[in-house]
Structure formats: structure tokens, C-alpha cells
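These are the residues of each chain, in order.
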Amino acid sequence: MSIFVIVFFPLLLFLGTWQVVRGLEKQDILDRYDFNRSLIPVEANQLSNEDIESNYYRTVSLEGQFMQQSYLLDNRIYRQKSGYEIFSLFHSNSNTYFLINRGWTDKEKIAEINLPKKVRIQGLYTPFRRFGLSLSAEPFVNGWPKIVQELSFEQALRDLSPEYSPQPAVIQLSAGSPGAFEPIWKPTIFKASRHYGYAIQWFGLALVLLISYIYFGTERDRNENN
């Protein structure tokens with residue numbers, strides 16, 4: 001019993017602490033999201049490149065043209081229906097390239113992703129984290145659009161550089177902008193409160209384990225004395 005407690009008590013404390021840290025990180029993301037989203041929109045070329053994280057979740061405007069290079073992120077569920085989340089390359093008038101998350105669409109509307117004319121769009125400037133999940137390496141496929149299970153900044157650089165090197169951020173296209181589909185993106189999947197709930201469970205198990213150890217140890221000593 002002592003060995004069991006020595007092994008699992010610190011493990012439970014570690015898991016609880018880890019969930020608290022994750023909750024604090026998620027709360028920081030949500031606080032920054034709420035604050036920066038409330039600021040007035042700015043032109044994308046006005047954002048500072050020195051502290052890119054301070055720009056996250058700002059509403060930005062840019063003018064230019066969608067290009068033919070698009071990723072169709074597969075197995076995206078919306079309203080209990082499977083479809084694609086569309087990420088299209090955008091060439092701005094300032095000669096920079098962004099991947100634009102245009103939102104979700106069902107598989108019957110893929111022919112509508114091309115938008116050849118120049119447009120002015122608006123969206124949230126967000127970190128280019130991994131989107132989707134692939135459990136195995138995906139083979140390289142020539143041609144566009146590409147159907148993928150996972151999309152990362154490193155993959156986009158491999159596919160698009162050096163001619164169309166994208167910026168290390170994704171613009172989450174506003175619903176009213178030209179070329180937008182159904183927006184389903186969120187700044188984080190789980191809220192901070194869920195992580196705190198998990199932390200309470202782990203700390204609760206640690207407390208139960210400690211109380212049980214003390215109780216059964218006391219009972220054993222009492223029985224031995226009798």
C-alpha cells in the first residue's frame with residue numbers, strides 16, 4: 001500500500017497541477033481574444049512584426065485576390081454533418097501571402113471555392129497552429145486543391161515556398177466577407193473551466209488516496225495492538 005501511494009499520489013498531484021496550468025493558459029488566450037477583438041480593425045500591413053503574439057485576435061482588413069492554392073481540411077463536423085474547412089491562399093496588394101480560413105462547407109459545394117476577382121476582406125489575425133489531426137504521414141499530392149487531414153505552418157511552407165511563402169498566421173475570415181463559408185473556428189476548443197474541473201477531479205482522487213492510506217494504516221496499527 002505504501003508503494004502504491006508513493007507512486008500514485010505524486011502522479012495525481014502532477015496531473016491536477018498540469019490541468020490548472022492548462023486552464024490558466026486557456027484563460028489567457030480567451031482574455032486576449034476578447035480584448036483584441038474589441039479593438040478597431042487595422043490594415044494587415046500595419047501589424048507589427050516585432051511582437052507577433054500581441055497582434056493575435058486583432059480584426060484586420062486586407063485587399064487582394066484569392067489564389068487557386070487551397071487546402072480542404074477533411075472530416076470537419078458541423079451540425080452533425082461532415083464536410084471541409086477551406087484554407088485558401090490570399091495575395092494581398094502589399095505583396096504578402098496569407099492562408100485564409102474561409103470556414104466550413106459541405107462536400108457538394110467545393111466547386112464554389114474559386115473566387116478569381118480582387119476583393120476586400122476582413123477577419124481575425126490568429127496563430128498558425130496545427131489544424132486537424134493525422135495519425136500517419138500524408139503522402140504529397142500534386143495539384144490544387146489538396147485534401148488533407150492535418151494542416152500546419154511547416155506543411156504550408158513546404159508546399160508553397162519559396163514562391164508563395166505564407167505569413168505565420170491564419171486569417172479567420174469574417175462571415176460577411178466575400179468568399180466566406182460557415183465560420184466554425186474558435187480560439188480554443190475547451191474553456192478554462194473544463195481544465196479546472198479536471199484538476200479538481202485529480203486533486204480529489206489524491207485526497208481520497210491519502211485519506212484511505214491514513215485510515216487503513218491506523219486500522220492496521222489498532223488491530224495489531226489488540
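Now for a look at the structure at hand. (Residues numbered from 1 in each chain as written. Predicted model: local features only at pLDDT ≥ 70, side-chain atom pairs only at ≥ 80, totals over all residues. Heavy atoms only, no water.)

Some details on the pattern of salt bridges
Next, step 1: Taken as a whole, this structure holds seven salt bridges when the rule is applied.
Next, step 2: Aspartate 106 is paired through a salt bridge with lysine 81; the nearest N and O atoms lie 3.6 Å apart. Of the two residues, aspartate 106 sits in strand E4 (residues 97-106) while lysine 81 sits in strand E3 (residues 81-92), which places them 25 residues apart along the sequence.
Next, step 3: Taking relative accessible area as the criterion, lysine 81 reaches 40% and is therefore assigned partly exposed.
Next, step 4: Among the ionic contacts, a cluster of salt bridges with common partners joins Glu43, Glu63 and Arg120. (Salt bridge = Lys/Arg side-chain N within 4 Å of Asp/Glu carboxyl O. Helix = DSSP H or I, 4+ residues; strand = E, 2+ residues; numbered from the N terminus. Buried < 20%, exposed > 50% of the residue type's maximum accessible area, 1.4 Å probe, protein only.)

A look at the pairing of E4
Next, step 1: For E4, a buried count of 10 out of 10 residues is recorded, marking the element as mostly surrounded by other parts of the structure.
Next, step 2: One ladder, built from nine bridges, connects E3 with E4; its direction is antiparallel. What sits directly across from histidine 91, in E4, is tyrosine 97.
Next, step 3: Connecting the antiparallel pair E3 and E4 is a turn made up of four residues, with asparagine 95 showing a positive phi of about 65°.
Next, step 4: Pairing of E4 with strand E9 (residues 166-173), which is carried by four bridges, proceeds in the parallel orientation. Its bridge partner being in E9, leucine 99 is matched across the sheet by valine 170. (Pairing = 2+ DSSP bridges.)

Considering the side chain of lysine 146
Next, step 1: Within the secondary structure layout, lysine 146 lies in strand E7 (residues 146-148).
Next, step 2: Summary of buried charges: lysine 146 has no salt-bridge partner, and the nearest side chain of opposite charge, aspartate 159, is 5.3 Å away.
Next, step 3: In this structure the side chain of lysine 146 is engaged in a polar contact, spanning 3.3 Å, whose partner is the backbone oxygen of glycine 143. (Lys, Arg positive; Asp, Glu negative; His and termini not counted. Polar contact = N/O pair within 3.5 Å; in protein donor to acceptor, adjacent residues only side chain to side chain.)

Regarding the nonpolar core
Next, step 1: Ranked by internal contacts, the top residues of the largest apolar core, which has 20 residues, are Val60, Ile100, Ile121 and Tyr125.
Next, step 2: Those elements that place two or more of their residues in this core are helix H1 (2-37), strand E2 (58-78), E4, strand E5 (118-127) and E9.
Next, step 3: Here the element with the most residues in this core is E5; it accounts for four residues.
Next, step 4: In this structure, isoleucine 121 is in contact with Val60, Ser61, Leu62, Phe66, Phe90, Ile100, Leu173, Ser177 and Pro178, ignoring residues within four places of it in sequence. (Core = buried A, V, L, I, M, F, W, Y, C linked by side-chain atoms within 4.5 Å. Contact = heavy atoms within 4.5 Å.)

Digging into the layout of surface pockets
Rolled over the atoms, a probe as big as a water molecule pinpoints where empty space is left.
Next, step 1: Empty space within the largest pocket amounts to approximately 820 Å³.
Next, step 2: Forming the boundary of the largest pocket are 25 residues, of which Arg130, Lys186, Pro187, Thr188 and Ile189 lie nearest the centre.
Next, step 3: The residue makeup of the lining of the largest pocket, split by class, is 11 nonpolar, six polar and eight charged. (1 Å grid on protein atoms, 1.4 Å probe; cavity = no way out; pocket = protein on both sides within 12 Å on 5 of 7 lines; lining within 4 Å. Points joined across faces, edges and corners; volume = space filled by probe spheres on them. Nonpolar A, V, L, I, M, F, W, Y, C, P; charged D, E, K, R; others polar.)

So, the pairing of E2
Next, step 1: Looking at chain direction, strand E1 (residues 42-43) and E2 are connected through two bridges and run parallel. When the bridges of E2 are listed, glutamate 43 appears paired with serine 61.
Next, step 2: As paired strands, E2 and E5 are joined by eight bridges and run antiparallel to one another. Bridge pairing links leucine 62 to isoleucine 121 in E5.
Next, step 3: Direction of pairing for E2 relative to E3: antiparallel, over a ladder of 10 bridges. When the bridges of E3 are listed, glutamine 65 appears paired with histidine 91.

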